Amino acid sequence: MERSAQGFAGTGIPGAGRRVPAQPRATDRDRGATPPAVRGRTPGPDGGAGAVRGEHTHSETPLPHPRPLVQRSSVRGQILDALRTALVAGELTPGEVYSAPALGERFGVSATPVREAMQQLALEGAVEVVPNRGFRVIVRGTRELAELAEVRALIEIPVMLRLARTVPAERWTELRPAAEATVRAASSGCRATYAESDRAFHRAVLALCGNDQLVSIADDLHRRSQWPLVGGPLSRGRADLVADAAEHQTLLEALAAGDVDLVQALVRDHFTGPR
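This structure is a prediction, so every number in the text was calculated from the model and none was measured. (Residues numbered from 1 in each chain as written. Predicted model: local features only at pLDDT ≥ 70, side-chain atom pairs only at ≥ 80, totals over all residues. Heavy atoms only, no water.)

Engineer: Help me understand the side chain of histidine 202, please; the structure alone is not making it clear to me.
Structural biologist: Within the element layout of this structure, histidine 202 appears in helix H7 (residues 191–206). Residue classification places histidine 202 among the buried residues on the basis of a relative accessible area of 3%. Ignoring sequence-local partners within four residues, the contact set of histidine 202 consists of Arg152, Glu156, Met160, His222, His248, His270 and Phe271. (Helix = DSSP H or I, 4+ residues; strand = E, 2+ residues; numbered from the N terminus. Buried < 20%, exposed > 50% of the residue type's maximum accessible area, 1.4 Å probe, protein only. Contact = heavy atoms within 4.5 Å.)

Engineer: What is the right way to look at helix H6 (residues 176–187) in this model?
Structural biologist: Residue pairs spaced three or four apart in an α-helix point in one direction, given the helix's 3.6 residues per turn. If you check H6, its first and last C-alpha atoms are 17 Å apart, about what 12 residues at 1.5 Å a residue would give, namely 16 Å. Taken residue by residue, H6 has Ala179, Thr182, Ala185 and Ala186 as its buried positions. Buried positions in H6, seen along its axis, are confined to an arc of 115° and lie on one side of it. Looking one or two residues beyond H6, the residue adopting positive phi is glycine 189, at roughly 80°. (Expected span 1.5 Å × (residues − 1). Arc of directions from axis to C-beta.)

Engineer: Would you explain the confidence of the model for the chain in this entry?
Structural biologist: The predicted coordinates ought not to be read in detail in places where the model reports low pLDDT. With 70% of its residues at a pLDDT of at least 70, the chain reaches an overall mean of 78. In the model of the chain, strand S2 (residues 49–52) stands out as the element of lowest mean pLDDT, 46, in contrast to strand S3 (residues 97–98), which has the highest, 96. Scored below 50 in pLDDT, residues 1–24 makes 42 contacts in the model with residues more than four places away or belonging to other chains. (pLDDT = per-residue confidence, 0-100.)

Engineer: What is the right way to look at the pairing of strand S4 (residues 127–130) in this model?
Structural biologist: In the case of a regular strand, side chains alternate between the two sheet surfaces. With four bridges connecting them, S4 and strand S5 (residues 134–137) associate as antiparallel partners. Within the sheet, the bridge partner assigned to valine 127 lies in S5 and is valine 137. Counting the residues between successive antiparallel strands, the hairpin from S4 to S5 contains three residues, one of them, asparagine 132, with a positive phi of roughly 65°. (Pairing = 2+ DSSP bridges.)

Engineer: I would appreciate a short explanation of unusual backbone geometry in the present structure.
Structural biologist: One can expect most non-glycine residues to show negative phi and most peptide bonds to be in trans. Unusually for a residue other than glycine, asparagine 132 sits at a positive phi of about 65°. Since its relative accessible area comes to 85%, asparagine 132 is described here as exposed.

Engineer: Any chance you could explain the environment of arginine 162 here in plain terms?
Structural biologist: With respect to the element layout, arginine 162 can be found in helix H4 (residues 142–166). What makes arginine 162 partly exposed here is its relative accessible area of 41%. For arginine 162 and glycine 258, which are 96 residues apart along the polypeptide, the C-alpha to C-alpha distance reads 9.5 Å.

Engineer: Sorry, what's going on with the sheet that holds S5 here?
Structural biologist: With respect to topology, three strands assemble into an open sheet ordered S3-S5-S4, the strand pairing being antiparallel. Two strands close off the open sheet at either side, each with one partner strand: S3 and S4.

Engineer: Would you explain the pairing of S5 in this entry?
Structural biologist: In the sheet, S3 pairs with S5 via two bridges, with the strands oriented antiparallel. Note on S5: the bridge partner recorded for tyrosine 98 is phenylalanine 135.

Below is the structure:
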């Protein structure tokens, strides 16, 4: 799952504008004459003093708008997505240590965005920092997976039960394309492709509750549950993925029918296996 990324040179903001010359101090001869601040000005439209002839103001030459400095974060985001895909696909082996320079060479970028992306994965619990060496992929077992399933159930089941009671059946019909997309992704046999479509479907369902924070937290837990186990990152074959995807369509039917008991059973069972 290699990707290449390009950085772009940013630009700075220009310095300050021109200095306006100080006005001369009034002398005795000037007393009673037109004040220096007004002499030489053309009358304004309302009869007041206008601009001084030949005088330049700050607004005459506007500062150019600096280009947004998004290039570095864009590269970091691309590398982060690529590393997450490699994790799910089993290309990053649990227990192995990977250096930022080596991964940077693989992706065709410098070590800096790789290191930043790896630090984000460390915050998410996918890797741990190994001083002077790089990052070690966390070794996960069935206990951690069971804990994630329990937390997901505590968050998502009450929400889905409420949605089953309140959301009209036609709204669930609108989510059928998302469920069908998971079936197509599962048929490809690619674990990483299915992982993306699986999370997209669950986000679409939970989004109906109108709580963005809940959707974000649930999606993070879902992503963590998709990381490979020690016993074999590709232990789930194509048939397992297809069976998992089929549960999405069954869940939509139960939600549309308002069958809360079936919804609860389906969601709980759906969380028990590796995702």
